[in-house]
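Coordinate analysis (summary)
Here is what each chain is made of, one letter per residue.
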Amino acid sequence: MRSVSQLSRRFRVVFDDDKVVPNAGLVIPLRLADTLGFREAVNRRVRGYDQRRRRNSGGKALAFVAMLAAGGEFISDIDVLTAGSTLTRLGHRWWSQSRLGEWLRSFDDTDIAGFADALTEVTDAAWSTGLGPDLSTVSATDPLIVDMDSTFTQTHGAFKVGTDRRNYQGRYGYYPLLAVEASTGQVIAAKLRNGNATMDGVAAFTHDTLERSRRLTGHDTDLLLRADSGFYVRDLFDHCVTHDVRFSVTVRQYTGVRDLIADIADDQWQPVNHHANASNDRIDIAAVPFEIKGRWDKNQTRRPITCRLIVRRSTTPPDTNNPQMRLFDPVDHYAFVTDQHGDPET
C-alpha cells in the first residue's frame, strides 16, 4: 500500500472559483479592528529606534491577529492568509515570514509597553461604543469586578528563553499573568513570566492593571479587585488603597491566620442558606476584624490596612449509610480579606 504522502504528490488544490473565499470569517473581526483604530493605535505606540523594521507596525500586528483568529500557532502559519483571494478580500498586503520575524526580534521593552498602551486605547474605543460593561449600573454595592490570576502555557523543551526550569508539576512553560473584566471576560492587562514563577511581578502587574482600569472606567467608578492567595502581597493592597479600589483576596493561611480562625466563637458563625448549597456539607460564615501588615520600610510609613477576614467553614456530615463511626466531622476553612462592607454571605 502506498503512503498518503506519495499519493498526495499527484494532487494539487487550486482555487479557480472567484466566488470561493477561504477564511471569509476573518472579515468581521478585522473590520471591527479597523473601526476601533487598532492599526493606527499600534503605529502610534510601537515606534522604537529602528524605523525601518517598525514601519507599518499596525499592519503587521493585524496580520498576526488574522493568523491567530484563523487557527495559526507559529509564524509559518502566516501563509494561511495567502490562500486564494484572502488578502484581496481582507484588503491587506502580504508579509513574508522573514520580514515578520525580523519585526518581532527588533522589539524592546518600550515596544512591549507600547503594545499594551495600544490595546488599552482600542479597549477604550470598544467600551465607548457599547462593546464593554455597562458602567451606568456600577455602584458601591455592585462594583465593576477585575479578576487577576495566572495561567500556565506549556512548552515542550528546555531551550526556550525563560522555560529552563520546571514548575511544581515537573513541566516546562510560562506563567502569564492576566487581569480580566469579570462580566465580559475582556482582558485588561497581561504579562508574560518565566516558568516556575511564584509571586514574581505581582506588585508591578497590580499597579499596571489598576492604572489601565482607571484609564478605562474613570476615577469615579467603583472597582473591586479579586485574586487568589498567590497574589497575597502587601504591595497589592497598597496599590488598591492608592487607586481607591476595593479588594477581595484569598489569604494565605499561615500560623497567625489559623490561630485567628480557631479563636472565632461559636456564636459568630452564621449558617448559609442551604438551598444555595449544592452539596450536603454544612456551610457557616464568620467575619472578624483583620489587619494587613506586611514588611515595614525604613521610615515605618506603611501602617496596617484595616479590613475584614471572611471565613467560610465547610463541615462534612457523617454518611448515614456507612456503619463505620468516626471521631469527628471533617472541617475545611476558606478565608479571604476584603475591605467591602455588607453581609459576608453575599
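Along each chain, residue indices are assigned from 1 in the same order as the chain's sequence is written. In keeping with the predicted nature of the model, local features appear solely for residues at pLDDT of at least 70, side-chain atom pairs appear and are counted solely at 80 or more, and the whole-chain, interface and lining totals rest on all residues. No hydrogens and no water enter the side-chain calculation; it runs on all heavy atoms of the structure.

Some remarks on the packing of helix H8 (residues 109-128) against helix H9 (residues 202-217)
Applicable threshold: The axes are straight lines fitted to the C-alpha atoms, using for helices just the contacting stretch, and the angles between their N-to-C directions are given from 0 to 180°. Every helix listed is a DSSP run of H or I at least four residues long, and every strand listed is a run of E at least two residues long, numbered separately from the N terminus. Roughly parallel refers to an angle under 35 degrees, roughly antiparallel to one over 145, roughly perpendicular to one between 65 and 115, and oblique to any angle outside these ranges. For a crossing to be left-handed, the near helix must be turned anticlockwise from the far one by less than a right angle; the clockwise case is right-handed. We call two residues in contact when some of their heavy atoms are within 4.5 Å. The residue classification treats Ala, Val, Leu, Ile, Met, Phe, Trp, Tyr, Cys and Pro as nonpolar and Asp, Glu, Lys and Arg as charged. All others, Gly included, are polar.
H9 packs onto H8 with a crossing angle of 30° between their chain directions and a minimal axis gap of 9 Å. The angle between the axes of H8 and H9 places the two elements in the roughly parallel class. For H8 against H9, the interelement crossing comes out right-handed. Here Ala 113, Ala 116, Asp 117, Thr 120, Thr 123, Asp 124 and Trp 127 of H8 come into contact with H9, specifically with Arg 212, Arg 215, Leu 216 and Thr 217. Class assignment for the residues of the contact of H8 with H9 results in 4 nonpolar, 3 polar and 4 charged.

Side note on the packing of aromatic side chains
In plain terms, the rule: Paired rings are identified among Phe, Tyr and Trp, the last through its six-membered ring, by centres lying within 6.5 Å, and are further divided according to the angle between planes into stacked (under 30 degrees), edge-to-face (over 60) and tilted (the rest). Residue burial is assigned from relative accessible area. The probe radius is 1.4 Å, only protein chains are included, and a residue is buried under 20% of its type maximum, exposed over 50%, and partly exposed in between. Each ring is checked for a lysine NZ or an arginine CZ that lies within 6 Å of its centre and within 35 degrees of its normal; such an atom marks a charge sitting over the ring.
Scanning all chains against the criterion turns up 8 aromatic pairs. Ring centres 4.9 Å apart and planes at 75° place the aromatic pair Trp 103 and Phe 107 in the edge-to-face group. A centroid spacing of 6.1 Å and a plane angle of 75° characterise the contact between Trp 103 and Phe 115, whose relative ring orientation is edge-to-face. With a gap of 12 residues between them, Trp 103 in helix H7 (residues 97-105) and Phe 115 in helix H8 connect regions that are remote in the sequence. Look at Phe 115 and you get buried, because its relative accessible area is 18%. Positioned above the aromatic ring of Trp 269, the side-chain terminus of Arg 313 is 4.2 Å from the ring centre.

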